[in-house]
Amino acid sequence: LWWEGTAGSGTLHLLDQRLLPAREVWTQFQSVDEVARAISDMVVRGAPAIGVSAAYGMVLAARSGGGLAAARDVLARTRPTAINLFWALDRMRRVAHGGGDASPERLLDEARRIHEEDAQGNRRMGELLAARIAPGASVLTHCNAGALATGGFGTALSGIFVAHEQGKKVHVFVDETRPRLQGARLTAWELERAGVPYTLICDNMAASLMARRKVQLCVTGADRIAANGDAANKIGTYSVAVNAAHHRVPFIVAAPLSTFDLATASGQEIPIEERAGGEVTEWGAERTCPGRAQVFNPGFDVTPASLITAIVTERGEISPVDGPHIARMMAGA
Ligand code: MRU
C-alpha cells in the first residue's frame, strides 16, 4: 500500500487482496468512505496494514472538509478486533487536536510516520525472529502476516524472509487458513515471489505434521494482545498453539508494540469480529452445504498467554509471556 502525491491531491493506492493470486489489481482511493469500505471488504487486511490505511483515510477526510470525528467513527466501525486500527486513529486524532491545526499536510506527515515506523519495526522484528530459526528448520505459519498485512515486509513472515536472506534454508508450512484462504492465496504468493520454499497444507493437517516431527517452530502475527499476553489472531491460530504445546514445538507471536492493548486485561475482553456466513457456505459461486445450514464464522480466536513461548516485538523479545514482562517492554525497560 502506498500514498502518491501531496496531501491536497494525492491518493491512496491499495493492491486488491481479494483478487490475489489470480490478478494483481491496484486501486486508487480518494475518500474516507471508500477507504472504510476497502477495509471492511478486505481489499486491505492484516492489523498493521489496516491501521496505516486508516491513517491515510484521515488525510482524505481532512482535505474533503468533512468532520474528522465523523471520519474517525466511520473507520472505527470497519473491523473491531485489530487494535492497530484504533491505535492509528488515536495518533491521527492527537495530531489534529495537538496544535489546533488539522491540515491535510500535517495529517499526511503523521500517516507517513506511522507507515515508516511500521516498516522499520518489521525489519528489526525480522532480525530478532530469524535468530530463533535454526538452519534447515521447517516453520509453520497461519494466515498472512507478511508484506501484504503491514506497512513493511511483515511480522511473522519477516523472520522467515530474513532467515532466507541469511541462507538458512528455511522451509515453510503454510496453513491455507479457512475460510478466506489468506495462507493459500497471500502467504504462498509472497513466499513464492521471495523464492522461499514452502508447502501448502489444509488447516487440519498441522497436528499430523507436528506428530511426525516435521515442524520445528510455529510463528504467527496478532491482531490484538491483551495486557496479560493473551493474543487474538486469525481463527485457527489457537488450534495451532494447542497442537504446538502438545508436541512441544515453540509457538511464537510476532507483533509490533502497536498491537498491544494494555487497556484490555485479558483475551476474554477482546472483541471478536463475526463475518458473513457466506464465507463458510459458499465456494466461489457454489454452495457447499444444505440451504438451511446454520453458520458460526468468527474471524479470530484467542491464544492464551500460557501457550505462547515468546512474543517478538520491534523492541525485543518478551518471554515468558505475562503481564509484568509485557508492561516492562511497553515501558521501554
Ligand atoms: O482477517 P485478516 O486477514 O485481516 O486477519 C489477519 C491476521 O489475523 C494476521 O495474522 C494479523 O492481522 C497480523 S498481520 C501482521
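One structure accompanies this document, and this report is about it. (Residues numbered from 1 in each chain as written. Predicted model: local features only at pLDDT ≥ 70, side-chain atom pairs only at ≥ 80, totals over all residues. Heavy atoms only, no water.)

**Quick notes on the pattern of salt bridges**
Let me state the cut-off plainly: In the sections that follow, a salt bridge refers to a side-chain nitrogen of Lys or Arg positioned within 4 Å of a carboxyl oxygen of Asp or Glu. In DSSP terms, a helix is any run of H or I states spanning at least four residues, a strand is any run of E spanning at least two, and both are numbered starting from the N terminus. Each residue gets one of three labels from its accessible area relative to the maximum for its type: buried under 20%, exposed over 50%, partly exposed in between, using a 1.4 Å probe on protein chains only.
Tallied over the full model, the rule gives 16 salt bridges. A salt bridge links D90 to R72; its shortest N-O distance comes to 3.2 Å. With D90 in helix α4 (residues 83-98) and R72 in helix α3 (residues 68-76), this pair connects stretches of sequence that are 18 residues apart. Overall, the relative accessible area of 15% leaves R72 in the buried class. Note that R132 and E317 form a salt bridge whose closest N and O atoms lie 2.7 Å from each other.

**Considering the site of the ligand**
Note the following rule: Being near a molecule or strand, for a residue, comes down to having at least one heavy atom within 4 Å of it. Whenever two N or O atoms come within 3.5 Å, that pair is a polar contact, provided that in protein one can donate a hydrogen and the other can accept it, and provided that, for residues adjacent in sequence, both atoms are side-chain atoms. Using a 1.4 Å probe, accessible areas were evaluated by the Shrake-Rupley method; residue-level cover was limited to the displayed protein chains.
Taken together, 18 residues lie near the ligand, and R45, R79, D223, N233 and K234 sit nearest. Take A47: an N or O atom from its main chain is 2.8 Å from an oxygen atom of the ligand. Within the side chain of N233, a nitrogen or oxygen atom sits 2.7 Å from an oxygen atom of the ligand. Within the complex, the protein chains bury 100% of what would otherwise be the 420 Å² of accessible surface of the ligand. Within the residue set of the shell around the ligand, elements represented by two or more residues are α2 (47-64) and β9 (231-234).

**Here's the deal with helix α9 (residues 237-246)**
The cut-off we apply is this: By construction, the arc corresponds to the directions joining the helix axis to the C-beta atoms.
Among the residues of α9, those classed as buried are T237, V240, A241 and A244. Looking straight down α9, one finds that the buried residues subtend no more than 95° of arc, so they occupy a single side.

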